[in-house]
Amino acid sequence: MTTPAERLRDLGHRLVERLADHLEHAAAGELPVLAPADPARLADLLGDLPVEPPTDPGVCLDELVDRVLEHSNHVHHPGYVGHQVSPPLPEAAVVELMVALLNNGMAIYEMGQLQTVTEERLVAWLCERVGFGAASGGVLCHGGSLGNLTALLAARQAQLGGQVWSAGHGEAPAVLVSSQAHYCIARAAGVMGWGSEGAVPVATGADFRMDPADLPRALERARAAGRRPIAVVASSCTTATGSFDPLPTIADFARDHGLWLHVDGAHGASQVLSERHRAPLAGIERADSIVWDLHKLAGLPALSSAVLFRDVRHSAGAFAQDAAYLFDGDEPTELSHDLGRRTLECTKRAMGLVAWSCLQLVGTRAFVERIDRQVDLAGELHGLVVAAADFEAASVPASNILCFRHRPTSIEPGPELDRHQARLRRAVVDAGAYYLVQAELDGEAWLRVSLMNPATTRGELEGLLGELRRVAG
Ligand SMILES: *Cc1c(COP(=O)(O)O)cnc(C)c1O
């Protein structure tokens, strides 16, 4: 019988060899981005591997890895232009292996000392990048959806007081949020028991950005419906089109009406790292809370989301039964290093260690260059689309996301043009050279790309348009 150390050595070497080969093939585009298979068929394809876990060892690592690779969506393929999922750095993958083996979860400081301190350092660095001052801080959690819920729990605590925990809501709270916001905001309102009216939609204007002129009307609508609005949520940027809500105007409105300002920067907050592409985030330092996913534009593996607070005491307030003591006196409260007090999760992965290690190993410049490059690439695709007579863009990109559609002269906007986009997407994805997705904007179907992959070049973008024309026939 081999020892665990021997098994790790043997399996680890074999796995790394296999994955490195895979990375070469994927980056060279030598396999389909995705080999689509519906779940029933995929189960058949796995037929010789028993569905029920075997009593005794059933399969060797190489066989297992081959199956997994064959049926995965290959985000390192230059034709991968789909959802906002990054092709992670190899550094991140190997650090993840270490994190899994050490398994120092971090609810309790002693169960993850260095893991906690590196998370705290990372969070402090992120706070500095968004322009927060010395009183700021926050925590990492498993994903932007959970991060947005956490920030809104803190907003609720700050606006309504701690008795919500013990007594529930006396009045029905609400947040004002653009109609283009990620669905997790409405879901957070639902989770908190505010009902589906708890997320009050604010209209969007040009380029799908929040129209601040609709904010006072949304506030009135909420109040007229018997609601107590507690926060405005700005999207920086939106998921569908990468549009940035106008932060300075929204911040003025929140200040004038005593509302909490939360910025959902899950995707776009990474652009604060870029000199060239941070302009749409001007004013972000006025937020009370910000969510920033490191696993999107920053290129780290899922999941790693920062919830940042301009005043770190609100980070402790999110899950506190009684948070009032935190705000006694003028001295900043020394918060516990048991980070589990500030997250919905108890045990959590040492995601801060992964991000912090990658920054140590690679340096910040590579991150900045990657962000610059990917946002520039969306601009190039926009240029190609606008120059083409048979394509049109939904908006001018401010991030690395673009929605566009194929527009043959024979089809007017409407259900037929919508079906045309769906058909083109299906055919392109089935052909295997590209993976793109679809978005619904104002009830119409658009093709959507997120340019996450540094291996994707202008050549692939031209190829993608060519491929769409080819399948359009
Ligand atoms: C992706 C995204 C989310 C959800 O984040 P997850 O990490 O996938 O949970 C929330 N808001 C916006 C704007 C996003 O783009």
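What comes next concerns the included structure. (Residues numbered from 1 in each chain as written. Predicted model: local features only at pLDDT ≥ 70, side-chain atom pairs only at ≥ 80, totals over all residues. Heavy atoms only, no water.)

A short note on the overall build of the protein
Convention followed: Going along the chain from the N terminus, every DSSP run of H or I of four or more residues is numbered as a helix, and every run of E of two or more is numbered as a strand. The globule rule is 2.2 Å times the number of residues to the power 0.38, and the radius of gyration it is compared with is taken over C-alpha atoms. Only protein chains enter the accessibility calculation, which uses a 1.4 Å probe; a residue is then buried when its area is under 20% of its type maximum, exposed when over 50%, and partly exposed in between. Whether two residues are in contact is decided by their heavy atoms, any of which lying within 4.5 Å being enough. The Shrake-Rupley method, run with a 1.4 Å probe, gives the accessible areas here. Residue values count only the displayed protein chains as cover. Charge counting treats Lys and Arg as positive and Asp and Glu as negative, with His and both chain ends excluded. A charge is said to be at NZ when it belongs to Lys, at CZ for Arg, at CG for Asp and at CD for Glu.
Secondary structure assignment for the protein yields 15 helices and 11 strands. Relative to the compact-globule value of 23 Å for 473 residues, the protein shows a C-alpha radius of gyration of 24 Å, a close match. The buried share among the 473 residues of the protein stands at 51%. The long-range fraction of contacts in the protein, counting pairs at least 24 apart against all pairs at least 6 apart in sequence, stands at 71%. With an accessible surface of roughly 21300 Å², the protein has 55% of that area assigned to carbon and sulfur atoms. Of note, the protein has its 40 positive side-chain charges centred 3 Å away from the centre of its 59 negative side-chain charges.

Topic: the packing of helix α12 (residues 351–362) against helix α13 (residues 364–387)
Helices that pack against each other are described as a pair by the angle of their axes relative to one another and the distance between those axes. For the record, the criterion: To obtain each axis, a line is fitted to C-alpha atoms, and for helices this fit is confined to the stretch in contact; angles are then taken between N-to-C directions over 0 to 180 degrees. When an angle is under 35 degrees it counts as roughly parallel; over 145 it counts as roughly antiparallel; between 65 and 115 it counts as roughly perpendicular; any other value is oblique. Gly is put with the polar residues, along with every residue not named as nonpolar or charged; the nonpolar set is Ala, Val, Leu, Ile, Met, Phe, Trp, Tyr, Cys and Pro, and the charged set is Asp, Glu, Lys and Arg.
Running from amino to carboxyl end, α12 crosses α13 at an angle of 100°, the nearest separation of the two axes being 6 Å. Between α12 and α13, the interaxial angle falls into the category roughly perpendicular. Note on element contacts: α13 touches α12 through Thr364, Ala366 and Phe367, opposite Cys358, Leu359 and Val362. Partitioning the contact of α12 with α13 into residue classes produces five nonpolar, one polar and no charged.

Quick word on the packing of aromatic side chains
Aromatic ring pairs are reported here in terms of the distance separating the ring centres and the angle at which the planes meet. Put simply, the rule reads: Note on ring pairs: Phe, Tyr and Trp rings are taken, using the six-membered ring of Trp, and paired if centres are within 6.5 Å. Classes follow the plane angle, with under 30 degrees stacked, over 60 edge-to-face and the rest tilted. Put simply, a charge is over a ring when the Lys NZ or the Arg CZ is close to the ring centre, within 6 Å, and near the line of the ring normal, within 35 degrees.
Throughout the structure, instances matching the rule amount to three aromatic pairs. An angle of 70° between the planes, with centres 6.5 Å apart, marks the rings of tryptophan 260 and phenylalanine 309 as edge-to-face. Pair noted here: tryptophan 260 is in strand β5 (residues 260–264) and phenylalanine 309 is in strand β7 (residues 305–309), with a separation of 49 residues, a long-range link. When sorted by exposure, tryptophan 260 lands in the same class as phenylalanine 309, which is buried. It is arginine 405 that lies over the ring of tryptophan 446; its NZ or CZ is 4.1 Å from the centre.

Considering the nonpolar core
The test is simple: Remark: nonpolar core denotes a set of buried residues (Ala, Val, Leu, Ile, Met, Phe, Trp, Tyr, Cys) joined through side-chain atoms within 4.5 Å.
Residues Val175, Leu176, Val232, Trp292 and Leu308 are the most contacted members of the largest nonpolar core, which totals 89 residues. If you tally residues by element for this core, the top one is helix α6 (residues 144–160), at eight residues. Setting aside anything within four residues of it in sequence, one finds valine 232 in contact with Leu176, Met210, Leu215, Ile250, Phe253, Ala254, Leu259, Trp260, Leu261 and His262. If you look at the next biggest cluster of nonpolar residues, it comprises 29 residues, including Val33, Phe404, Val428 and Leu461.

Considerations on the pairing of strand β4 (residues 227–235)
Under the convention used in this document: Two strands are counted as paired when DSSP detects at least two bridges linking them. By convention a crossover is right-handed if, when the strands point away from the viewer, the path from the first strand over the helix to the second runs clockwise.
Of all nine residues making up β4, eight are buried, and the element is well covered by its neighbours. Bridging between strand β2 (residues 172–178) and β4 involves six bridges; their strand directions are parallel. Each residue of the ladder has a partner; that of alanine 174, found in β4, is proline 229. Looking at chain direction, β4 and β5 are connected through five bridges and run parallel. Residue pairing for β5: serine 235 is matched across the bridge by aspartate 264. With respect to chirality, the unit in which β4 leads through helix α10 (residues 247–256) into the neighbouring parallel β5 is right-handed.

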